[in-house]
Amino acid sequence: MSVPRLVYDDDCGFCTWCAVVADRYGEFELVGFAALTDDQLARLPDDYETCAHLLTDDTVFSCGAAAERVLATSHPLFECVFSLLRRVPAYPAVRERLYRWAADRRALWGRIVSRSSA
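Residues numbered from 1 in each chain as written. Predicted model: local features only at pLDDT ≥ 70, side-chain atom pairs only at ≥ 80, totals over all residues. Heavy atoms only, no water.

**So, the packing of helix H3 (residues 64-74) against helix H5 (residues 91-103)**
What counts, and what does not: A fitted line through C-alpha atoms serves as each axis, taken over the contacting stretch for helices, and the angle formed by two N-to-C directions is quoted from 0 to 180°. Labels follow the DSSP assignment, with helices taken as runs of H or I lasting at least four residues and strands as runs of E lasting at least two, numbered in each case from the N terminus. An angle below 35 degrees is read as roughly parallel, one above 145 as roughly antiparallel, one from 65 to 115 as roughly perpendicular, and any other as oblique. Working rule for contacts: check all heavy atoms of both residues, and any pair within 4.5 Å makes them a contact. Residue polarity follows a fixed list, in which Ala, Val, Leu, Ile, Met, Phe, Trp, Tyr, Cys and Pro are nonpolar, Asp, Glu, Lys and Arg are charged, and the others, Gly among them, are polar.
Between H3 and H5, the least distance of the axes is 8 Å, while the angle of their chain directions is 95°. Overall, the two elements H3 and H5 adopt an arrangement that is roughly perpendicular. For the pair H3 and H5, contact is made by Gly64, Ala65, Ala67 and Glu68 and by Tyr91, Arg95, Glu96 and Tyr99, respectively. Looking at the contact of H3 with H5, its residues break down into four nonpolar, one polar and three charged.

So, in C-alpha cells, the structure goes:
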C-alpha cells in the first residue's frame, strides 16, 4: 500500500500547520491544493476546496472523516477512541459539524498557532 496523501489548503496557514503536524506524527504525503495532479483532482469532490482530504489507494476521506483518519493513525489512543465513537449513530453528523465549526474559524486558529511557533 502506498503512503496516504493528505490534501489541504496550502494558502491557509492553519491548514498548513495541521498538515505538517500530521506528517510529524504519521506518515503522509502532503499535497497542497496548488500542487494537485489531474489524477488526484479527479478523485476529489467538486467542492474539494471546502475541506481537507485523505487519499488512500482505494478511498477518499473528506472533511471530518479525513481529520479523524489522520488523527487515528497518529496515536493508538485516538484509534481506540474513534473506534468507539464510530459505534454511535449520531457520531458522523457531529464529527462533520465540529469539523465545519473549526474550519470556519481557520483565521483565528492560524493566529493562535503562529504565535505559539514564534
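**Focus: the nonpolar core**
Put simply, the test is: Residue types Ala, Val, Leu, Ile, Met, Phe, Trp, Tyr and Cys, when buried and joined through side-chain atoms within 4.5 Å, form a set referred to as a nonpolar core. Three exposure classes are used, based on accessible area relative to the maximum for each residue type with a 1.4 Å probe and protein chains only: buried under 20%, partly exposed in between, and exposed over 50%.
If you look at the biggest cluster of nonpolar residues, it comprises 14 residues, and the most contacted ones within it are Leu6, Ala22, Phe28, Leu54, Phe61 and Val70. For this core, the secondary structure elements donating two or more residues are strand S1 (5-8), helix H1 (13-25) and H3. Dropping the residues within four chain positions of it, Val70 is found in contact with Leu6, Ala22, Phe28 and Leu54. One finds Val31, Phe33, Leu44 and Tyr48 within the second-largest nonpolar core, a separate group that totals seven residues.

**Digging into unusual backbone geometry**
If you check the backbone angles, Cys63 has positive phi at about 60° while not being a glycine. For Cys63, the location among the structural elements is in the loop between strand S4 (60-62) and H3. For Cys63, a relative accessible area of 16% puts it in the buried group.

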